[in-house]
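These are the residues of each chain, in order.
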Amino acid sequence: MEADRIKWNERYADDEYQMGLAPSRFLAERIGLLKTLCPGNRALDIACGEGRNSIFLAHHGYQVTAVDISDRGIEKGRRRLASEGVTVDFRMDDLEGYEFTERYDLIVNINFLLRDLIPKGVTALNQGGVFLFETILDSPQLPGVHRKNYLLQPGELFRLFTREDGNILEHTEFPDDETPTARIIFQKETMR
């Protein structure tokens, strides 16, 4: 959607990194676990923005594909790679209607919500692959104005993943945090 691309390009227009250079705290805290769980090293970072999580994963040995609608965000991620000594396959694409054409051992979705990508993403996981997901939870504590269809409802993330073949390894909600979030780590069933 062109309006979304413009919005995110405006947000990423200056030289500062909007979310900083450090990866998501949830991802950073769970990287050891992910490395033991994932059956391989192919990773996808959904809505990668400026690439902070993608670059972090590449530093941990993952072969990363990173997708975002913002060409400015992608460009900033590519520029940062020059000084990082790792590679990431950055791709600009609109995630609404996105079709997965490759298989992954790990899918990371941070601060983004398109509910219909969840079953598509699980299908794109290799057997035993892992989906790490964290995004904003609707709560009276939530500051600012947000569109409800881009916010998880309490308990919703758990319900969305219970429909899939696999195991929820971790699920937590933080409705009272400054930015309320819900998190999940899901592992796709392995072949029997």
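In case you missed it, the structure is sitting above this.
From a predicted model like this one, the values you see are computed outputs, not experimental measurements.

Undergrad: I'd like a description of unusual backbone geometry, backed by residues and values.
TA: Unusually for a residue other than glycine, A47 sits at a positive phi of about 55°. Judged by its relative accessible area of 19%, A47 falls in the buried class. Despite not being glycine, N111 has its phi angle at roughly 60°, a positive value. Relative to the assigned elements, N111 resides in the loop between β4 (104-110) and α5 (117-124). The exposure class of N111 is partly exposed, given its relative accessible area of 38%.

Undergrad: Quick rundown of the environment of Q187? Include the residues and the values.
TA: Checked against the element boundaries, Q187 lands in strand β7 (residues 181-188). Judged by its relative accessible area of 16%, Q187 is buried. Once the C-alpha coordinates of Q187 and T87 are considered, the two residues, 100 residues apart in sequence, prove to be 26 Å apart. The residues contacting Q187, other than those within four sequence positions of it, are L37, G128, G129, V130, G166, N167 and L169. A polar contact is formed between the side chain of Q187 and the backbone oxygen of L37, at a distance of 3.3 Å.

Undergrad: I'd love a proper account of the nonpolar core, names of residues and values included.
TA: Counting residues in each nonpolar core, the largest one holds 26 residues, and the members touching the most others are I46, F100, F131 and F161. Those elements that provide at least two residues to this core are β1 (42-46), β4, α5, β5 (125-136), α6 (156-162) and β7. In terms of residue count, the dominant contributor to this core is α5 (four residues). If near-sequence neighbours (up to four positions away) are discounted, F131 is found in contact with I46, I107, N109, I118, G121, V122, L125, F161, I184, I185 and F186. One finds L27, A58, L81 and I110 within the second-largest nonpolar core, a separate group that totals 25 residues.

What counts, and where the lines are drawn
- Residues numbered from 1 in each chain as written.
- Predicted model: local features only at pLDDT ≥ 70, side-chain atom pairs only at ≥ 80, totals over all residues.
- Heavy atoms only, no water.
- Buried < 20%, exposed > 50% of the residue type's maximum accessible area, 1.4 Å probe, protein only.
- Helix = DSSP H or I, 4+ residues; strand = E, 2+ residues; numbered from the N terminus.
- Contact = heavy atoms within 4.5 Å.
- Polar contact = N/O pair within 3.5 Å; in protein donor to acceptor, adjacent residues only side chain to side chain.
- Core = buried A, V, L, I, M, F, W, Y, C linked by side-chain atoms within 4.5 Å.

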